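Summary of structural features
Listed here are the chains, written in short residue letters.
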Amino acid sequence: MADKVAKKGKKKQPEKREFNATILILAVTLTCFGVLMVYSSSSLMALREYGDSLHYLKRQAIFAILGIGLMLVTMHINYNVWRKLAIPLLILSTLLLAVVFMPGIGVKAGGAARWVNFAGFSFQPSEAAKIALIFYLAHSATKKEDRIKDFKYGYIPYICVLIVWLGLMLAQRDLGGAAIMAVVTAMMLLIAGTRLRFLFLSLIAFVPLGIATIMAKEYRMRRIMAFLDPWEDPFGSGFQIIQSWMGFGLGGLTGAGLGDGEQKRFYLPEAHTDFIFSVIGEEMGFITVVLLICMYLCIVVMGLRISMRAADGFGRLTAFGISLLLGMQAFANMAVVMGIVPNKGLVLPFLSYGGSSLLCTLFSMGVLLNISSHVEKGRVQ
Amino acid sequence: MPDLEGKHIVVAGAGLSGVAAANFCCRRGAHVCLSDTRPAAGIAGLAQLDPHIELDCAGHTDALFLNADLIILSPGIPLHVPVIRRALQARIPVWGEIELASRFLRIPIIAITGTNGKSTVTSLCGHILQRCGEQVFVGGNIGTPLIEAVDGDYSVAVVELSSFQLESVASFHPQVAVLLNISPDHLDRYADMPSYMQAKQRIFANQSTTDLMVLNRDDVQVLALARDFPARRICFSSAHVLEEGLSLDLPSMLWRHSDAEYRFDCNALQLQGLHNLENVMAALAACSERGHAPAAMWQAACEFTGLSHRMELVRTLNGVRWYNDSKGTNIGSVEKSLCGLDAPVTLIAGGKDKGGDYALLRPVLKEKRPQIILLGAAAEKMAAAWGDICHLTMTSSMKEAVEYAYQNTRAPGSVLLSPGCSSFDMFSSFAERGEVFAALIQALE
């Protein structure tokens, strides 16, 4: 579809293309489906805790409207703006990541200090920071061109930034987010042309560090153990994953019906955030689960295509980073919910309850869409 | 068998089981002190108390508890109250009355737990075994405390266990353990579902490979709870026809062993409703360990008419059927009772709030659309949870509720008292609540 449009556009206006409609439609569809599932998975809890079954629905609906609006605006902003803002955004988001630790502003939830209170809403800086990091890496790596192969210029600065960031994220007890950002950074540098041996070197350095990080915190070890054998502690650390499995099992092929899930009622903690995919599995069934996985895959594949056809290096790297980030977050969350990888406290983009995540995901889709509307200069169609 | 002679035993909580346990220990030569936080005048069963037993109403003091050799805990007191925690830290054994009884009992125990239906299954097991010629003790959470079975002449004990009673067992070892179902209940006492489920699971803890578990195949939570225990298992299911175990193939009940298959006609049962068919299957499976002929057990089950205050048809007046389900003290049981009735239904609900989630009833309410009459302390909370689905009326007494139901229920409808709450705000027990309700109906013209 994008090809056809591109060909048609070539004759009149070679540097401009239509937006990638598939991504736009999928993003809006997933967001709306997310609002529906947030309502289904949270209504009983909301009634219990706030006396208002619509509590989470209302908030998620507001964020969905704001987020879709943000995406529609962003897709019309030339993505080179982000290139100019890359350094200021990086500094700002680093500060925000640090502000989380300031008493009175930072908020703790579920043992993790990841939120900042702002005008009545709590905001999770790490979500926005991930995109800021992608902008910075894309900008900086493009600027350096061939010097990216140089250890001193093309490698050391990124490692320094990354170490500061991972430190901040780990201090917020966000190991999952830190791991994903490390992989996204490494992959972006690889695409940008860093020598493979630098990355290999860092891998050797980071793996023992990662293991030490996991061993250092008792709750991380517990999560790993629970992952290896949830039945070891079925009422403690294994409870959530066992109940999540039961959800998928109870749902079968076609699901128990929207709103009719049992697991969300008392058994599945964090049903509307981290474990919403299990509620979907129970209520909508395996077929919907497969369909959703295909939708995410489709966005990622489209995003990578946009990256390959982007008008310049910044666009190429940014589109790559955004697609990879989305794909990895979605995969990591689904894998956690299905018990394939240990629980790392990650949300499912588009679907999980949470304003910061939804706004940032839709913003990144807006940027991706804008990149899709520019054709590579001098590219022969 | 432990020797209680000369031991200093503190019995905490002067309820029915507390008084029975105190008397028992006293008979075995122990120095017993019965402790309760209520003043002596407020305790009902004191007349039955052995005069050698000291009564302490000082409110569970450290001085008393930490100097005991053994503490017998009433199911009404959680293990996590501070004085009990301190006693456990001081390595003083803390047993429930069930644990105490099981250490002295020399007869097989059939133990029954679950969120709903356990009283019906317990009584039904008792009835079946008695008809098959056994000397059965029936008790536990319903009626007679298990400790009374020790000095009686019985061949088997059928005992209903609540999650509270299961909290304080250690070596309790039933030959047959029945887990009927799990749904949210008593969340005023348990911090969350896992701890409630963990208490229920203790019923299997000491079973060996020669013992039997009877499990509801349709409840994944039940199967998960029983997963890692070694005892043999018989499953029952109302949703699937099982290769082995008991299941429904309506109008028949199917019982398949490895080598035999029995088929019974469900229409012969007096008990009605799907949940009761599940109860019958559970009871038959539980009794099967005693080696009686399946046909004889079925015959006995058919005679069983059910329990009072449990979906009891009190009266049919001008084509309206009045049901007393005063024992329906949680939302799960209200749901089951409502499911068994055809519209139009008038539901009388309310009582002392137990911290359950009334929104759980919404699917059934949407289907049955009953008009609801509310009373008691939980009325406000129920109104908030159901107000948008059903027509609600607030009343201040059972009399007012019955009169309103009488005037506003058309034939061929039903009026159902199924409170979904405990009775302790307006009545002394669910039985009193049911009796008041029944008396009011009998008085209607």
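Values in this document were obtained by computation on a predicted structure and should not be read as measured data. (Residues numbered from 1 in each chain as written. Chains lettered and ligands numbered in written order. Predicted model: local features only at pLDDT ≥ 70, side-chain atom pairs only at ≥ 80, totals over all residues.)

Attention now goes to the overall build of chain A. Counting secondary structure elements, chain A contains 15 helices and three strands. When its C-alpha atoms are laid out on the principal axes, chain A stretches across 60 × 45 × 40 Å. The 381 residues of chain A split such that 48% are buried. In chain A, the proportion of contacts linking residues at least 24 apart, taken out of those at least 6 apart, comes to 69%. (Helix = DSSP H or I, 4+ residues; strand = E, 2+ residues; numbered from the N terminus. Buried ≥ 20, exposed ≤ 12 C-beta atoms within 10 Å, placed from the backbone. Contact = placed C-beta atoms within 7 Å.)

A word on the overall build of chain B. When its secondary structure is counted, chain B shows 15 helices and 20 strands. Over its C-alpha trace chain B gives a radius of gyration of 22 Å, about what one expects of a compact globule, namely 22 Å for 445 residues. In terms of overall dimensions, chain B has a C-alpha envelope of 65 × 60 × 35 Å along the principal axes. The contacts of chain B with a sequence gap of at least 6 include a subset with a gap of at least 24, amounting to 65%. (Rg over C-alpha atoms; globule rule 2.2 N^0.38 Å.)

To continue, consider helix α7 (residues 156-171) of chain A. Residue and element names in this part refer to chain A. Taking 1.5 Å per residue, 16 residues should reach 22 Å; α7 reaches 22 Å between its end C-alpha atoms and fits that length. Three or more residues of α7 are buried, namely Tyr158, Leu162, Trp165, Leu166, Leu168 and Met169. One side of α7 carries all its buried residues, which in axial view fall inside an arc of 160°. The exposed set on the far side of α7, more than 90 degrees from its buried face, consists of Ile156, Cys160 and Gly167. Next to the buried residues of α7 lie α4 (80-99), α5 (125-144) and α8 (175-192). (Expected span 1.5 Å × (residues − 1). Arc of directions from axis to C-beta.)

Across the nine residues of helix α7 (residues 193-201) of chain B, seven count as buried, placing the element largely inside the fold. Listing the buried residues of α7 of chain B in full gives Met193, Pro194, Tyr196, Met197, Ala199, Lys200 and Gln201 of chain B. The secondary structure elements touched by the buried residues of α7 of chain B are α11 (239-251) and α12 (263-266) of chain A together with β6 (109-113), α6 (163-167), β9 (176-179) and α8 (220-226) of chain B.

Domain annotation for chain B reports domain 1 (8-92), domain 2 (99-303) and domain 3 (312-442). The gap between the C-alpha centroids of domain 1 of chain B and domain 3 of chain B is 37 Å. (Domains from an automatic or database assignment.)

Residue and element names in this part refer to chain B. One open sheet accounts for six strands, arranged β15-β16-β20-β17-β18-β19; its pairing is mixed. Each edge of the sheet is formed by a strand with only one pairing partner; in this case those strands are β15 (312-317) and β19 (392-394). Here the average twist between neighbouring strands, direction ignored, is 20°. In this structure, β15 lies alongside strand β16 (residues 320-324), joined through five bridges in antiparallel fashion. Residue pairing for β16: Leu313 is matched across the bridge by Tyr323. (Pairing = 2+ DSSP bridges. Axes fitted to C-alpha atoms, helices over the stretch in contact; angles between N-to-C directions.)

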